[in-house]
Structure formats: C-alpha cells, structure tokens
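Next come the chains, spelled out residue by residue.
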Amino acid sequence: MEHSRLKPLRASVPVPRLTELPPLGMDERAIADDFRRYFSHTLGRDKHCRSTHYPFQALALAVRDRLMERWKNSRYACEEGNCRRAHYLSLEFLMGRSLGNAMLNLGIAGPTARALKDLGLLLEELAGTEHDAGLGNGGLGRLAACFLDSCATLQLPVTGYGIRYEYGMFRQLIDSGEQVEEPDHWLRDGHPWELERPEYTRRVRFGGRSESYQDEHGRWRMRWVDAHAVLAVPYDIPVPGYRNGTVNTLRLWSAAATDEFDLDEFNAGSYPESVAAKNAAENITMVLYPNDASENGKELRLRQQYFLASASLQDVLRYWVRFHGEDFRGFADKNCFQLNDTHPSCAVPELMRLLMDEHGLEWDAAWAITTRTMAYTNHTLLPEALEKWPVRLFRQELPRLLDIIFEINARFLEQVAARWPGDGARIRRMSLIEEGDEPMVRMAYLAIVGSFSVNGVAELHSRLLEQGLFRDFFELWPEKFNNKTNGVTPRRWLAGCNPRLARLVDETIGNDWPTRMERLRELAPHADSASFRERWHTVKQRNKARLARLVERECGVRFDREALFDVQVKRIHEYKRQLLNVLHVIHLYDRIRRGDTAGWTPRCVLIGGKAAPGYFMAKRIIRLVNNVAAVINADPATEGLLRVAFLPNYRVTAMEVICPGTDLSEQISTAGKEASGTGNMKFMMNGAVTIGTLDGANIEIRAEVGDENFFLFGLTAGEVQALRGDYDPQGIIAGDERLRRVMELLVGGTFDGGEPGLFEPVIQSIASPHDPWVVAADFGSYVEAQRRAAEAYRDRERWVRMSILNSACSGRFSTDRTIAEYNADIWRLEPVPPLPAADGESGARPRA
Ligand SMILES: *Cc1c(COP(=O)(O)O)cnc(C)c1O
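The present account deals with the structure reproduced in this document. In this text the structure is predicted, and so the values were computed from the model without any measurement.

Quick look at the nonpolar core
Part 1 of the reasoning: Ranked by internal contacts, the top residues of the largest apolar core, which has 109 residues, are Phe 394 and Trp 827.
Part 2 of the reasoning: Looking at this core element by element, the count peaks at 10 residues for helix 9 (residues 299–324).
Part 3 of the reasoning: Not counting residues within four places of it along the chain, the set of residues in contact with Phe 394 comprises Leu 302, Cys 346, Trp 389, Pro 399, Leu 401, Leu 402, Ile 405, Val 441 and Met 443.
Part 4 of the reasoning: Ala 385, Ile 586, Ile 592 and Ala 717 belong to the second-largest nonpolar core, a separate cluster that totals 68 residues.

Rendered as structure tokens:
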C-alpha cells in the first residue's frame with residue numbers, strides 16, 4: 001500500500017550510490033551559475049522573459065538545492081543516532097515567505113544579491129514576488145512557525161506536522177470601508193519549497209461503525225468497519241537552522257481520494273458519483289478555517305483535525321516500526337507529541353486506537369505510552385474558544401474514537417471519585433462529556449487527561465489557568481501544569497526584517513546576537529551615547545519612511561515620518577480592544593476641533609487586522625476605523641497633527657515592514673484575556689515602546705524593560721473580575737467629559753457616512769453594563785497614558801533612549817529561550833548536529 005503509485009527500484013547493489021555529490025558552492029559565482037541553469041535549462045526561459053515569476057523560481061530552486069544536501073545530512077544524523085524526537089502537531093503554520101529566511105539562515109544573502117546584480121536583477125524585486133504561505137490565522141500559527149526556526153537553530157530533532165491547505169488565510173480587501181474576503185489560492189503559481197513524498201502516503205478513515213471480534217488467538221478486540229478511507233499525502237518543507245548546517249522538516253498533509261473508492265462507484269455504474277466522492281475526500285484539506293480564538297461546530301473542521309492527528313501519528317509509528325518492529329516498549333522514551341492547542345487533540349484517542357487496534361497492545365500498555373508522550377499547550381482564556389464537539393458528530397464520523405473517549409472518561413472519573421468520594425458536582429464538572437440536550441466532548445479536558453504536561457503561554461495566563469479554567473485538574477495533578485512564555489524568532493523578526501538595525505547592532509556588540517539574544521543587553525550602556533542615539537534614530541527614521549511608503553501605497557494616506565507612529569496590528573477581536581484605540585483617536589480629533597492643541601505631538605495612527613468572516617462586531621469595528629479615518633484625514637484642521645489609516649490584508653510580510661517602522665506599540669487588551677501576545681515582542685525587539693495593560697506577556701515585557709520605559713494603564717485582571725456585577729459604563733461616560741464628548745460624536749453621526757445607526761451596535765456595547773471588555777472603564781487611564789507617551793516622544797533624546805532599551809531588553813522573548821524551556825521541561829531532546837558534509841560547515845554545535 002505504501003508504494004502503491006510508485007514502482008519499486010531494482011538496482012544491482014542493496015544501496016545504490018544515488019546521492020554522492022560534492023557540496024554546492026555558497027559563493028556568488030556558484031549561485032549565479034545555478035540560477036542561470038535553472039532559468040534556461042529547467043524553466044526554459046530566455047532573454048525575452050519580462051516577468052519576475054521565472055527569475056524568482058530559478059532563484060528559489062538554486063537556494064533550495066543548498067537546503068537539500070543539509071536536509072539529508074540532518075535526517076541521516078537523527079536516524080543513525082536513534083535519537084529521541086519531538087513532533088509539533090498544529091492545524092496552523094503561518095510561515096510567510098521563505099526565500100529571504102532561507103538565504104539569511106544559510107548565510108548567502110550577500111553573495112546572492114551580488115550574483116543577481118551582476119545579471120542586472122534586483123534581489124528585493126524577485127523576493128517581493130513570493131506569495132506568503134498563510135496557513136494560519138494569527139498568533140498561534142505564527143508561534144508554530146517561529147518554534148520551527150528555533151528548533152532547527154538549536155539543532156533539536158523536532159518535526160512540524162500540519163495541513164497543506166489549498167486555500168490559506170483569505171486576502172482582505174477594503175471596499176467602502178468594509179472588509180471583503182477573497183480566497184487565497186497561494187499554490188496557483190507553484191510552491192518551490194515543498195517536496196511531495198507520495199511514498200509516505202497514509203490512509204485515514206471516516207464514518208462506519210466499530211465492532212468487536214475474536215482475533216486468531218481467540219482474543220476479543222475492537223475494529224472499525226464500513227468506514228471510507230481518504231489518502232493523506234505528505235509534502236515536506238525544509239526548515240533551516242541559523243548557519244549551523246541543520247535543516248528540519250515541516251510535513252504538511254494533503255487529502256486525496258483512494259483509487260479503490262472511485263472504482264467501487266465506477267463498477268456500480270455511477271461515474272459522476274465517483275468523481276463527486278473524490279471531491280469530498282479532497283475537500284478535507286481545501287481551506288483553512290478563518291476563525292481566530294473562537295470555534296464553530298463544523299463537521300469539516302473536525303475531519304481536518306482528525307486527518308492531521310491520524311496521518312501524523314501513523315507516520316511516526318511507521319518510522320518506529322521500520323527500525324524497531326512491533327516492539328513498542330521503548331516508544332515513549334523516543335517520542336513526544338506537542339499539541340498546539342486542542343485542535344490536534346484527537347491524537348490522544350487516535351494513538352490509543354492505533355496501538356490497540358492496529359498494533360495489538362492492551363489498554364494499560366497503550367495508555368502508559370499515550371500519557372508519557374502527549375503534551376498540551378493551551379492558548380486561550382476565553383471560555384467560548386474552548387473546543388467542544390457534539391458526541392453525535394463523533395459517533396457519525398469517528399465511531400471508534402468515541403468508544404475510546406468514553407473508556408478514557410470512565411477510568412478517569414473513577415480516579416476522581418476515589419480522590420473526592422461523593423463529590424458528584426465535581427465529577428460532572430470534570431467529565432470529558434458535557435451533559436445536556438446535545439452532549440459534547442470537551443476537547444481541552446481530553447487533552448489534559450491524556451497528557452503528562454499542560455502549559456500556558458505567559459506567566460499570568462498559566463496562573464489564571466490553574467486558578468480558573470482548569471482549577472479542578474490543577475488540584476488533581478498540580479505536577480502536570482507549567483508555563484512556557486511565548487517568543488518570536490529573532491532571525492525573521494530582527495535580523496531579516498530590519499537589516500539596518502541589525503547592521504548597527506552588529507557594529508556595536510558583534511554579530512552573534514541572533515543566537516544569543518541575551519547579548520542585546522550590551523546595547524543598554526550605549527543609550528547614554530549621543531552619537532549612538534543619533535545612529536539609532538536615523539535607522540528608525542529610514543524604517544518609518546519605508547512603512548510610510550507602504551501606507552501611502554495601500555491606503556492612500558500620507559504619513560509624515562517626523563510624527564509619532566502609533567500602531568495596532570493584530571486580528572480584530574473585541575477583547576483586543578481596537579475600539580478603545582478608536583475612541584482615543586476620536587478624542588484627539590475632538591481636541592483638534594476644540595483648538596486644544598497646545599504642545600501637540602503630531603501622530604499617525606495605523607490599525608490593521610482581519611476579522612473572522614462571521615464575526616459581526618469585528619467587521620463593524622473595521623468599518624468604524626475606516627470611517628473615522630476618512631473624516632479625520634479629510635478635515636483640514638488635522639493637517640500636520642493627526643493621520644489615521646486602516647491597513648488592508650495584514651499578514652507576516654506586512655508585519656516585516658510594520659514593526660521596524662513603529663514608535664508606539666498598542667497592546668491594550670482587557671486584562672486577563674490575551675493569553676500572551678507575540679506581536680508585542682516583535683515591536684519591542686525592533687525598538688518600539690509599548691502602551692499596554694497588565695495582560696499576557698506585556699507583564700513580562702514591562703518587567704524586563706522597566707516601568708519607566710513602558711506606558712502602563714488600565715485595570716488589572718483581578719480588578720476586571722471584581723467589576724463584574726457592578727460595572728456602570730453610563731456613570732463613567734457621564735463623569736468623564738472627554739468620553740462624554742467622544743460618545744456624542746459617535747451618537748451624533750459624525751462618522752456614519754450617511755448611514756444613520758451604522759455604529760449603534762458599537763455604541764451599545766460600550767454603554768452596556770455587560771460589556772465583558774470594559775472599554776469605558778479603561779478609557780480614562782488609556783488617554784492619560786497616551787498623553788504621557790506623546791510627551792515622551794516630544795523629547796527625542798528621551799524617546800530614542802527608551803527605544804534602545806526596549807530592543808536591549810528583548811532577549812528573553814526569543815523563541816530560542818522558549819524552546820530551550822520546552823526542551824528542558826517537556827521534550828528532553830539532545831541536540832543532533834547533522835552528519836558532516838565536505839563543506840566544513842556541518843557538524844557545528846549550536847552556539848546558544
Ligand atoms: C505576530 C503576528 C500575529 C500575532 O499578533 P498579536 O498582536 O500577538 O495578536 C498575528 N498575525 C501576524 C501576521 C503576525 O505576524
């Protein structure tokens with residue numbers, strides 16, 4: 001079955017000498033030669049080519065060749081060392097572009113740029129044609145991508161497993177101020193970084209029923225029958241470490257129909273039905289669900305989740321059996337699965353099923369392996385974002401998994417009853433099955449029960465999980481719970497996206513900081529040097545000019561780079577409070593109209609982000625930002641004082657221009673709602689100062705950089721909690737002249753653009769005593785903090801110092817630190833240097 005599509009190779013020796021090649025040159029000359037060969041001989045283009053597409057393809061292939069040899073050496077090293085490995089299971093990998101990152105990590109950006117220049121081509125222009133791999137919604141998917149970069153850089157044998165969606169995150173257009181979604185057919189022009197591996201195809205089944213039977217030894221066992229199978233075809237993407245010879249793998253699964261499936265229908269004389277069935281199979285990986293931090297009970301989404309979990313586990317088991325046969329005793333010592341949120345948590349019952357039904361293990365042995373290999377990361381405190389699936393849906397789609405979930409639950413609840421005898425309420429609370437008209441499987445509880453580790457993603461978040469959402473489980477198993485504060489990779493998010501600042505840092509403290517981010521602290525003393533501050537400021541102004549060009553091109557709004565660049569980019573969600581930002585903008589506009597502009601700091605406000613297509617309020621907030629921007633930018637009174645723009649289609653590639661050009665980073669979520677945030681870290685690394693609440697990783701950012709270099713405002717998580725039941729926004733509005741005037745402008749229709757009542761839902765939500773995001777409660781202290789920020793910006797020397805110190809103190813927020821902690825506490829992997837290649841680079845130990 002494994003090689004069904006492919007004929008076996010017959011060779012005269014057991015291992016044919018297929019791959020013995022000299023290492024490829026990394027110099028200008030070798031790269032130029034390969035580029036020209038791909039362009040002419042492989043792609044068949046000539047001097048008449050007038051599109052960037054083919055030169056980009058040729059360049060990508062030349063760079064990819066240099067990854068290939070290192071990839072093979074990394075794979076061999078892991079096989080030969082029989083090493084312990086970790087598998088990062090995630091429904092999302094928000095990778096962005098790959099060319100620039102590959103060249104950076106291979107250390108060939110310089111020679112490549114020179115080679116192209118000699119040929120009369122511009123590297124930036126070619127790199128600019130690459131499509132983002134947008135296989136994720138936001139922070140969670142980007143975290144997975146940053147983790148892969150750090151795992152490769154630390155030479156840890158970690159494989160990413162995900163889904164190769166045909167359509168990634170939708171493209172956002174703005175039409176008359178409204179979000180319009182367009183499908184993102186990112187594979188249309190081909191994806192040069194992927195390698196199809198049909199030889200590792202797996203079968204994943206759906207539907208049917210489970211039944212018991214007696215095997216040949218007379219043992220009663222269970223099997224899953226009458227199911228229909230879908231093929232899972234893997235596509236591998238290379239993940240290069242930073243200048244260390246390691247290349248790890250991201251394996252993405254694509255769904256395909258099985259041949260026998262078609263044949264059955266064909267023989268029954270219903271050819272069109274067979275083709276339709278093929279579509280149904282291939283639909284599984286057709287599209288990424290565009291919901292961030294909220295869930296819906298769509299059947300197809302559950303199929304995607306199971307498809308990923310089953311294909312990935314089968315892949316790991318296949319690898320195991322290839323080297324160890326059917327003896328699974330050492331399996332848990334050599335494997336670990338990290339579940340990125342509950343999305344892949346079908347892996348818990350699926351590993352049980354595979355070990356018992358397919359490999360003949362007994363329950364206890366299979367459970368011991370499962371609970372020694374699974375680890376779960378939680379990403380949200382919003383109760384509505386905790387996944388639940390109807391028992392009915394499981395019974396219909398995954399009947400055998402439902403048996404196993406019921407059995408896990410029965411055994412688990414016995415344990416709970418033994419620990420707390422007679423506590424029926426607790427048993428109902430902790431059950432994996434939520435009772436009701438429509439009984440539901442609680443996926444987070446399934447993940448906790450099946451895992452040896454449960455972590456949150458920032459200190460506050462992990463603490464709140466223990467005290468709130470997962471309190472019962474914490475009381476039962478305190479040793480499972482731990483924190484792993486998120487990070488971002490400094491390769492993409494400083495060295496790659498901010499070459500000017502990177503060069504200044506190189507010249508100041510040396511060039512090994514990309515793998516030793518704690519060394520950025522050595523920048524701090526230079527904040528006292530006027531000449532260093534001047535150089536830092538010059539870099540920031542160049543980056544602001546680059547951002548201003550993007551804003552002018554995309555929004556038609558002119559940003560003056562002398563103004564304070566005040567930026568909030570992230571998914572649009574009520575808990576992230578873009579609305580609070582807009583209220584402040586309206587307040588500034590109100591001040592301008594009143595003539596209250598003495599000591600004014602000119603400000604350019606940029607807001608960007610996608611709303612889930614079904615999220616009404618988020619879409620209405622986008623409309624509000626656009627309408628407010630239109631009114632303000634058109635009013636001559638605001639000239640030189642205030643500009644506002646909504647940046648369409650926020651994505652990784654946009655953030656690579658935005659964070660280097662930002663002065664003030666808006667991180668203003670309702671305290672206790674943002675699990676961590678990672679946008680906050682990208683901004684900090686690039687020398688933006690944060691205005692923020694005591695939420696998520698903001699708390700740790702402030703602790704690193706010091707209170708004097710952070711603009712803090714707002715209620716604490718505890719104070720927000722305490723407000724419940726006696727929150728009086730109307731009283732707050734009436735008692736605050738500034739907010740009262742802002743609400744009057746909103747209610748009076750200043751921004752309605754001729755559609756009366758357009759923002760009524762927004763106004764209602766602010767004025768409602770049930771507003772869970774307590775926007776009105778934080779308005780006053782937010783405006784005060786904004787005043788302090790504006791004042792600080794007017795003192796350039798002070799601001800530049802703050803900017804330098806933010807970068808200098810950002811080392812903790814490298815995913816190298818995060819991954820080192822995952823490894824020390826959860827994965828316990830040894831670094832594996834690749835097998836030596838003749839180029840003398842490989843075999844190097846990581847420097848961190
Ligand atoms: C970093 C990043 C995010 C996460 O931003 P938060 O501010 O942490 O929500 C989302 N989307 C993209 C494209 C990113 O690069």
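Remarks on the environment of Gly 110
Part 1 of the reasoning: Here Gly 110 lies in helix 4 (residues 109–118).
Part 2 of the reasoning: Counting along the chain gives 650 residues from Gly 110 to Glu 760, while the straight-line C-alpha distance between them is 55 Å.

Things to note about the sheet that holds strand 22 (residues 642–647)
Part 1 of the reasoning: The six strands lie next to each other as 22-21-20-23-24-25, forming an open sheet whose pairing is parallel. In the strand order of this sheet, the two ends are held by strand 22 and strand 25 (711–712), each with one partner.
Part 2 of the reasoning: One ladder, built from six bridges, connects strand 20 (residues 564–569) with strand 21 (residues 603–608); its direction is parallel. Looking across to strand 21, one finds that Leu 564 is bridged to Arg 603.

Structural notes on the state of the cysteines
Part 1 of the reasoning: One pass over the structure, following the stated rule, counts one disulfide.
Part 2 of the reasoning: The disulfide partner of Cys 78 is Cys 83, and the gap between their sulfur atoms is 2.4 Å.
Part 3 of the reasoning: Of the residues examined, Cys 78 reaches a relative accessible area of 11% and is grouped as buried.

Considerations on empty space enclosed by the protein
Part 1 of the reasoning: This structure, assessed with the given rule, holds eight cavities of 30 Å³ or more.
Part 2 of the reasoning: Here the largest cavity is characterised by a volume of approximately 190 Å³.
Part 3 of the reasoning: In terms of lining, the largest cavity is formed by 16 residues, of which the most central are Met 95, Ser 98, Asn 101, Pro 240 and Arg 492.
Part 4 of the reasoning: Of all the secondary-structure elements, those providing two or more residues to the lining of the largest cavity are helix 3 (99–106), helix 6 (139–153) and strand 11 (228–240).
Part 5 of the reasoning: The element best represented in the lining of the largest cavity is strand 11, accounting for four residues.
Part 6 of the reasoning: Tallied by class, residues from the lining of the largest cavity come to nine nonpolar, three polar and four charged.

Topic: the site of the ligand
Part 1 of the reasoning: Around the ligand, the neighbouring residues are Gly 138, Gly 139, Trp 493, Lys 570, Lys 576, Tyr 650, Arg 651, Val 652, Gly 677, Thr 678, Gly 679 and Lys 682.
Part 2 of the reasoning: One nitrogen or oxygen atom from the side chain of Lys 570 is found 2.8 Å from an oxygen atom belonging to the ligand.
Part 3 of the reasoning: The separation between an oxygen atom of the ligand and a polar side-chain atom of Lys 576 is 2.7 Å.
Part 4 of the reasoning: Out of a free accessible area of 390 Å², the ligand has 95% covered by protein chains.
Part 5 of the reasoning: Per-class residue counts for the shell around the ligand are three nonpolar, five polar and four charged.

What about the sheet that holds strand 15 (residues 388–390)?
Part 1 of the reasoning: Pairing in this open sheet of three strands is antiparallel, and the strands run 15-17-16 from one edge to the other. Each edge of the open sheet carries a strand with a single partner, namely strand 15 and strand 16 (433–434).
Part 2 of the reasoning: Strand direction decides the pairing type here: strand 15 and strand 17 (residues 440–442), joined by three bridges, are antiparallel. Its bridge partner lying in strand 17, Pro 390 is registered against Met 440.

Looking at the layout of surface pockets
Take a probe with the size of a water molecule and roll it over the atoms, and the empty space left behind shows itself.
Part 1 of the reasoning: In this structure, the largest pocket encloses a volume near 1,800 Å³.
Part 2 of the reasoning: Residue lining of the largest pocket: 44 residues in total, with Glu 124, Gly 496, Cys 497, Pro 499 and Arg 546 positioned closest to the centre.
Part 3 of the reasoning: Mapped onto the lining of the largest pocket, the elements with two or more residues apiece are helix 3, helix 4, helix 5 (123–127), helix 19 (490–496), helix 20 (499–509), helix 21 (530–555) and helix 24 (652–658).
Part 4 of the reasoning: Per-element tally for the lining of the largest pocket: the top contributor is helix 21, with six residues.
Part 5 of the reasoning: Of the residues that constitute the lining of the largest pocket, the class distribution is 18 nonpolar, 11 polar and 15 charged.

Reading the values: rules and limits
- Along each chain, numbering runs from 1 in the same order as the chain's sequence is written.
- Since the coordinates come from a predicted model, pLDDT governs what is reported: local features require at least 70, and pairs of side-chain atoms require 80 or more to be given and counted, while whole-chain, interface and lining totals use all residues.
- Hydrogen atoms and water are omitted, and side-chain values are computed over all heavy atoms in the structure.
- Throughout this description, the term nonpolar core refers to a set of buried Ala, Val, Leu, Ile, Met, Phe, Trp, Tyr and Cys residues connected via side-chain atoms within 4.5 Å.
- Residue exposure (1.4 Å probe, protein chains only): buried if accessible area is under 20% of the type maximum, exposed if over 50%, otherwise partly exposed.
- Runs of H or I in DSSP of at least four residues are treated as helices and runs of E of at least two as strands, each being numbered from the N terminus.
- Here, two residues are considered to be in contact whenever any of their heavy atoms come within 4.5 Å of each other.
- Two strands make a pair as long as DSSP finds a minimum of two bridges between them.
- Working definition: a disulfide is two cysteine sulfur atoms within 2.5 Å of each other.
- Detection works on a 1 Å grid of protein atoms alone, calling trapped sets that fit a 1.4 Å probe cavities and calling open sets with protein on both sides within 12 Å along at least five of seven lines pockets, with lining residues defined by an atom within 4 Å of a point.
- Grid points are joined across faces, edges and corners, and a volume is the space filled by probe spheres set on the points.
- Think of it as three bins: nonpolar holds Ala, Val, Leu, Ile, Met, Phe, Trp, Tyr, Cys and Pro, charged holds Asp, Glu, Lys and Arg, and polar takes everything else, Gly as well.
- We call a residue near a molecule or strand whenever a single non-hydrogen atom of that residue lies within 4 Å of it.
- Polar contacts, as counted here, are pairs of nitrogen or oxygen atoms within 3.5 Å of one another; within protein the pair requires one atom able to donate a hydrogen and one able to accept it, and residues that are adjacent in sequence qualify only if both atoms are side-chain atoms.
- All accessible areas in this document rest on Shrake-Rupley with a 1.4 Å probe, and a residue is counted as covered only by the protein chains that are shown.

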